[in-house]
2 protein chains.
Amino acid sequence: MKQKYQAQIYVTLRPSVLDPAGTAVQSGLAHMGYTDVESVRIGKYIEVSLSATDEAEAHKQLDIMCDQLFANPVIENYRIELVDSE
Amino acid sequence: MKQKYQAQIYVTLRPSVLDPAGTAVQSGLAHMGYTDVESVRIGKYIEVSLSATDEAEAHKQLDIMCDQLFANPVIENYRIELVDSE
């Protein structure tokens, strides 16, 4: 019997990698008058609903999905939060 | 004296709004063999470092930034988490 899980995945650029989009947003904010903003970094937030036999299995599948599809492991980190949704 | 704050902003599509990109990712995952994935929804995750006089002021500024720049309030929700980074 498979359980349903809800996963929240956060994909962020590694700290050593430049974020041109974030820098553009920061300079846009500065032009709008928000000069107290020191840095902006933009990542992805992905919500996945899936079914799996147990939490370890769900986590394992999500790890592979992140490595293969959601994140570029060369330049990005990811973090998975898993919630049992049943 | 201004304090430094670190904000994490999550921007998600409202539940009633279709997410074609998420649907495409879900069908991509199905083709890769992950047929247990029921839904994928893609949002944005934004990290902002800013300085403000206090937490309420920081929150107020971030709210305006979200409404004006980060999120489209017609189709997106946002959530702000604020951490005192000093």
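In what follows, the structure referred to is the one given above.
Below or above, wherever it landed, is the structure these notes cover.

Criteria and cut-off values
Residues numbered from 1 in each chain as written. Chains lettered and ligands numbered in written order. Predicted model: local features only at pLDDT ≥ 70, side-chain atom pairs only at ≥ 80, totals over all residues. Heavy atoms only, no water. Least-squares fit on C-alpha atoms with pLDDT ≥ 70 in both. Contact = heavy atoms within 4.5 Å. Salt bridge = Lys/Arg side-chain N within 4 Å of Asp/Glu carboxyl O. Helix = DSSP H or I, 4+ residues; strand = E, 2+ residues; numbered from the N terminus. Buried < 20%, exposed > 50% of the residue type's maximum accessible area, 1.4 Å probe, protein only. Expected span 1.5 Å × (residues − 1). Arc of directions from axis to C-beta. Pairing = 2+ DSSP bridges. Axes fitted to C-alpha atoms, helices over the stretch in contact; angles between N-to-C directions.

### Notes on the relation of the copies chain B and chain A
Of the two same-sequence chains, chain B is brought onto chain A (RMSD 0.0 Å, axial shift 0.0 Å) by a rotation of 180°. Given the turn and translation reported, the copies of this chain are related as if by a two-fold rotation axis. A symmetric contact is evident, with 100% of the interface residues of chain B recurring at the interface of chain A.

### What about the pattern of salt bridges?
Scanning the entire structure with this criterion turns up six salt bridges over all chains. Taking the shortest distance from any N to any O, the salt bridge between Lys-4 of chain A and Glu-38 of chain B comes out at 3.7 Å. Of this pair, Lys-4 of chain A sits in strand β1 (residues 3–13) while Glu-38 of chain B sits in strand β2 (residues 37–52), each in a different chain. What makes Lys-4 of chain A partly exposed here is its relative accessible area of 39%. Glu-38 of chain B gets classed as partly exposed once you look at its relative accessible area, which sits at 38%. A salt bridge links Glu-81 of chain B to Arg-79 of chain B; the shortest N-O distance between them is 2.6 Å.

### Topic: helix α1 (residues 20–31) of chain A
Working note: α-helix, 3.6 residues per turn, so residues spaced by three or four point in the same direction. When the terminal C-alpha atoms of α1 of chain A are compared, their 17 Å separation across twelve residues agrees well with the 16 Å that a helix rising 1.5 Å per residue should span. Taken residue by residue, α1 of chain A has Gly-22, Val-25 and Leu-29 of chain A as its buried positions. Considered in projection along α1 of chain A, the buried side chains sweep an arc of 60° and stay on one side of the axis. Opposite its buried face, α1 of chain A presents the exposed residues Pro-20 and His-31 of chain A, each directed more than 90 degrees away. Looking at the buried side of α1 of chain A, the elements it contacts are β2 (37–52) of chain A together with α2 (55–70) of chain B. Two residues or fewer past α1 of chain A, Gly-33 of chain A is found with a positive phi of approximately 105°.

### A closer look at the sheet that holds β1 of chain A
Two strands in a sheet stick together by hydrogen bonds in their backbones, pointing the same way (parallel) or opposite ways (antiparallel). The sheet built from six strands is open, its strands ordered β3(A)-β1(A)-β2(A)-β2(B)-β1(B)-β3(B) with antiparallel pairing. Among the strands making up the open sheet, the edge pair consists of β3 (76–84) of chain A together with β3 (76–84) of chain B. The mean angle between the axes of side-by-side strands here comes to 20°, regardless of whether they run parallel or antiparallel. Where β1 of chain A meets β2 of chain A, nine bridges bridge the pair, whose relative direction is antiparallel. Within β2 of chain A, the residue paired with Gln-6 of chain A across the bridge is Ser-49 of chain A. In the packing of α2 of chain B onto the sheet, the strands contacted are β2 of chain A together with β1 (3–13), β2 and β3 of chain B, and the crossing angle to β3 of chain B comes to about 150°.

Worth remembering: the numbers are spatial, not functional.
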